[in-house]
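A closer look at the structure
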Amino acid sequence: QVQLVESGGGLVQAGGSLRLSCTTTIRAFSGHALAWFRQAPRKERELVAGISRSGRFSYLLDSVKGRFTVSRDNAERTWYLHMSNLKPEDTATYYCAASGSNLEAVYNIPWDSWGRGTQVSVSS
């Protein structure tokens with residue numbers, strides 16, 4: 001059974017930084033697209049950042065551009081969401097996800113596996 005385990009969430013003041021990590025047991029890790037989603041209370045889940053299976057393409061939500069970056073370490077089967085200059089509106093539960101789609105893409109692909117989520121809270 002594939003597992004995705006997030007870590008790195010927490011409480012931080014506005015302007016602070018956090019790094020989220022997601023480690024997986026997926027065997028063909030290098031062939032998977034990877035992503036971070038978030039869901040705030042009473043809001044829909046949204047794609048925050050993603051990186052394609054080859055790493056050639058990446059995606060960032062407009063509101064986090066310039067503040068967040070996504071990276072992957074195939075050897076460690078881990079990917080990261082580096083978050084800086086955090087704002088209260090970034091407060092949400094963050095989920096990592098993986099897709100075995102053959103498409104070299106991040107958007108509009110099915111996400112097969114999900115982590116359980118890690119809470120990020122940003123105080124003003």
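We now turn to the structure provided with this report. (Residues numbered from 1 in each chain as written. Predicted model: local features only at pLDDT ≥ 70, side-chain atom pairs only at ≥ 80, totals over all residues. Heavy atoms only, no water.)

**Considerations on the pairing of strand E1 (residues 4-7)**
Under the convention used in this document: Three labels apply to residues, based on accessible area from a 1.4 Å probe with only protein chains included: buried if under 20% of the type maximum, exposed if over 50%, partly exposed otherwise in between. A run of H or I in DSSP counts as a helix once it spans at least four residues, and a run of E counts as a strand once it spans at least two, with each numbered from the N terminus. At least two DSSP bridges between two strands are required for those strands to pair.
Burial along E1 is one-sided: Leu4 and Glu6 are buried, and none of Val5 and Ser7, which face the opposite way, are. The pairing of E1 with strand E3 (residues 18-24) spans four bridges and is antiparallel. Each bridged residue has a counterpart across the sheet, and for Val5 the counterpart in E3 is Thr23.

**Some thoughts on the layout of surface pockets**
Put simply, the test is: Using only the protein atoms, space was sampled on a 1 Å grid; points where a 1.4 Å probe fits but cannot get out form cavities, open sets with protein on both sides within 12 Å along at least five of seven lines form pockets, and lining residues are those with an atom within 4 Å of a point. Grid points are joined across faces, edges and corners, and a volume is the space filled by probe spheres set on the points. In this classification, the charged set is Asp, Glu, Lys and Arg, the nonpolar set is Ala, Val, Leu, Ile, Met, Phe, Trp, Tyr, Cys and Pro, and all remaining amino acids, among them Gly, are polar.
Looking at the largest pocket, its volume works out to about 190 Å³. Residue lining of the largest pocket: Gln1, Val2, Gln3, Leu4, Val5, Glu6, Ser113, Trp114, Gly115, Arg116 and Gly117, and that is the complete set. If you list the elements that add at least two residues to the lining of the largest pocket, you get E1 and strand E10 (113-114). Split by residue class, the lining of the largest pocket holds four nonpolar, five polar and two charged.

**So, the sheet that holds E3**
Where we set the bar: Simply put, an axis is a line fit to the C-alpha atoms, just over the touching stretch for a helix, and the angle between two N-to-C directions goes from 0 to 180 degrees.
A sheet is described by the order of its strands in space; here four strands give the open sequence E1-E3-E8-E7, paired in antiparallel fashion. In the strand order of this sheet, the two ends are held by E1 and strand E7 (68-73), each with one partner. Each strand axis lies, on average, 15 degrees off the axis of its neighbour in the sheet, ignoring direction.

**What to know about the pairing of strand E5 (residues 46-51)**
The side chains of a regular strand alternate between both faces of the sheet. Judged by how many residues are buried, E5 sits mostly within the fold: five of six residues are covered. Where strand E4 (residues 33-39) and E5 come together, five bridges link them in antiparallel fashion. Across the sheet, Ala35 pairs through a bridge with Gly50, a residue of E5. Turn length for the E4-E5 hairpin, with the two strands adjacent in sequence and antiparallel, is six residues, and the turn residue Arg42 shows positive phi of about 65 degrees. Two successive antiparallel strands, E5 and strand E6 (residues 58-60), enclose a turn made up of six residues, where Gly55 displays a positive phi of approximately 85 degrees.

**Some details on the pattern of salt bridges**
Pairing between side chains of opposite charge can happen when their charged atoms approach one another. This is how the line gets drawn: Any Lys or Arg side-chain nitrogen found within 4 Å of a carboxyl oxygen on Asp or Glu counts as a salt bridge.
In total, this model carries four salt bridges according to the counting rule given. Between Asp90 and Arg38 there is a salt bridge, with its nearest N and O atoms 3.0 Å apart. Pair noted here: Asp90 is in the loop between strand E8 (78-83) and strand E9 (92-99) and Arg38 is in strand E4, with a separation of 52 residues, a long-range link. When sorted by exposure, Asp90 lands in the same class as Arg38, which is buried.

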